[in-house]
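Here are the chains, one letter per residue:
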Amino acid sequence: MKAAEAGMALLAHELYRFYHAGDDETFALRGVSLRVDAGEVVAVVGPSGSGKSTLLNCLAGLDEPDGGFVTVFGERLTRRPEAVRSRMRAASIGVLMQSGNLLEHLTVEQNVAAAQRLTRAGRPTPVSALLARVGLVGRADAWPATLSGGEAARAGLAVALANEPAVLLADEPTGEVDAANERAILGLLGERALAGGAVVVVTHSARVAAAADRTVTMSDGRILDA
Ligand code: ADP
Ligand code: MG
């Protein structure tokens, strides 16, 4: 889908995020603006420490910027109570972090089902269909601790996709997986965009960046001009 034809799914306007530790001050985000349209995959690249994860956490409503705002389909996500952000996340945002995507005391299948229970969506996609999509039908009853790196990444993606989110945010989803898993994950991100999702993927992989519709480069808390 051409970005211009689609609605604006995700908007970050002039985000600032500062961290203080003793006398040290880290300017993690210094005026980051980003717009992602429905049906678009945007790759975020840049050196370690440039603010990519901080940006993604702010886009997900998991972290609160010190300045600026984020809207999802025109609804403000920032500076809202946690209950409101949780509701917005459950309704329209899927998040895949670098780790910690699965609850260790639940099986793969139970993890996906738990994510679906948060939304009370009318007709959720069957868990079995989601597991088939990520190639994990045979691992439905597996405990997270027994998964390989690639399986864990795909299981996390199944959780992120549990509610067919209109906005999908992924932080280095192919960071610790082999080439076959990278292709699989890349395919799933592309499928979400084809289904109308707005996808933001932080990545160090040239292949993932090349497959995106657009790449933005972060450096020292800023997005460099293209
Ligand atoms: P990237 O994902 O691009 O590697 P991050 O967003 O993780 O970068 O970090 C950006 C900067 O903010 C780094 O200098 C990092 O050390 C700092 N930072 C990130 N999270 C915290 C935190 N919770 N407390 C203090 N500093 C942090
Ligand atoms: Mg990071």
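Thresholds applied
Residues numbered from 1 in each chain as written. Chains lettered and ligands numbered in written order. Predicted model: local features only at pLDDT ≥ 70, side-chain atom pairs only at ≥ 80, totals over all residues. Heavy atoms only, no water. Helix = DSSP H or I, 4+ residues; strand = E, 2+ residues; numbered from the N terminus. Buried < 20%, exposed > 50% of the residue type's maximum accessible area, 1.4 Å probe, protein only. Contact = heavy atoms within 4.5 Å. pLDDT = per-residue confidence, 0-100. Salt bridge = Lys/Arg side-chain N within 4 Å of Asp/Glu carboxyl O. Pairing = 2+ DSSP bridges. Right-handed = clockwise from strand over helix to strand, strands pointing away. Axes fitted to C-alpha atoms, helices over the stretch in contact; angles between N-to-C directions. Parallel < 35°, antiparallel > 145°, perpendicular 65-115°, else oblique. Left-handed = near helix turned anticlockwise from the far one by under 90°. Nonpolar A, V, L, I, M, F, W, Y, C, P; charged D, E, K, R; others polar. Near = heavy atom within 4 Å. Polar contact = N/O pair within 3.5 Å; in protein donor to acceptor, adjacent residues only side chain to side chain. Phe/Tyr/Trp six-rings, centres within 6.5 Å; stacked < 30°, edge-to-face > 60°.

Residues and numbers for the side chain of T107, please.
Here T107 shows up in the loop between β6 (93-96) and α3 (108-117). Exposure remark for T107: the relative accessible area of 6% places this residue in the buried category. Discounting chain neighbours no more than four positions away, the residues touching T107 are A140, D141, A142 and W143.

A description of the confidence of the model for the protein chain should follow, citing residues and the corresponding values.
Confidence in the prediction for the protein chain averages 92 pLDDT; 96% of positions are at 70 or higher. In the model of the protein chain, helix α7 (residues 206-211) stands out as the element of lowest mean pLDDT, 92, in contrast to strand β10 (residues 222-223), which has the highest, 98. For the stretch residues 1-6, pLDDT sits under 50, and the model shows 7 contacts to residues farther than four places along the chain or on other chains.

Break down the pattern of salt bridges for me, with residues and values.
Scanning all chains against the criterion turns up 13 salt bridges. Ionic pairing is found between R30 and D220, a salt bridge with its closest N-O pair at 3.5 Å. Of the two residues, R30 is situated in strand β2 (residues 24-37) and D220 in the loop between β9 (214-219) and β10; the sequence distance between them amounts to 190 residues. For R30, a relative accessible area of 24% translates into the label partly exposed. Taking relative accessible area as the criterion, D220 reaches 46% and is therefore assigned partly exposed.

How would you explain the pairing of strand β7 (residues 167-171) if you had to name every residue and give the values?
A large share of β7 lies buried, amounting to 5 of its 5 residues. Of the two faces of β7, the one holding V167, L169 and D171 and the one holding L168 and A170 are both buried throughout. Where β7 lies against strand β8 (residues 198-202), 5 bridges are found, and the strand directions are parallel. The residue of β8 that forms the bridge with L169 is V200. Handedness of the crossover joining β7 and β8 through helix α6 (residues 179-194): right-handed.

Give a detailed account of the sheet that holds strand β5 (residues 75-76), specifying residues and quantitative values.
In space, the 4 strands of this open sheet follow the order β2-β1-β4-β5, with antiparallel pairing throughout. Strands with a single pairing partner mark the edges of an open sheet, and in this sheet they are β2 and β5. One ladder, built from 5 bridges, connects strand β1 (residues 8-21) with strand β4 (residues 67-72); its direction is antiparallel. Bridge pairing in β4 places L10 opposite V72. Contacting β1, β2 and β4, helix α1 (residues 52-59) runs over the sheet at an angle of about 55° to β2.

Quick one: what's the story with the packing of α3 against helix α5 (residues 149-160), residue by residue and with numbers?
One way to put it is that α3 packs onto α5 with a least axis distance of 8 Å and a crossing angle of 25°. The angle between α3 and α5 places the two elements in the roughly parallel class. As for how α3 packs across α5, the hand of that crossing is right-handed. Contact with α3, carried on its side by V108, N111, V112 and A115, involves A155, A158 and V159 of α5 and no other residues of that element. The residue makeup of the contact of α3 with α5, split by class, is 6 nonpolar, 1 polar and no charged.

Talk me through the environment of A83; I want residue IDs and the actual numbers.
Topologically, A83 is positioned in helix α2 (residues 82-92). A C-alpha to C-alpha distance of 20 Å links A83 and L96, two positions 13 residues apart in sequence.

Can you tell me about the site of ligand 1, naming the residues and giving the values?
Neighbouring residues of ligand 1: Y19, T26, A28, P47, S48, G49, S50, G51, K52, S53 and T54. Contact between ligand 1 and G49: an oxygen atom at 2.7 Å from a main-chain N or O atom of the residue. Elements that contribute at least two residues to the shell around ligand 1 include exactly β2 and α1. Considering each element in turn, the shell around ligand 1 owes the most residues, 3 residues, to α1. Tallied by class, the residues present in the shell around ligand 1 amount to 3 nonpolar, 7 polar and 1 charged.

Describe the packing of aromatic side chains, with residues and values.
What the rule picks out here adds up to 2 aromatic pairs. Look at Y16 and F18: their rings are 6.2 Å apart centre to centre, the planes differ by 55°, and that puts the pair in the tilted class. Residues F18 and F27 carry aromatic rings whose centres are separated by 5.5 Å and whose planes lie at 80° to one another, so their mutual orientation is edge-to-face. Taking the relative accessible area as the measure of exposure, F27 reaches 36% and is therefore partly exposed. Every member of this aromatic cluster is reached through a ring pair, and the members are Y16, F18 and F27.

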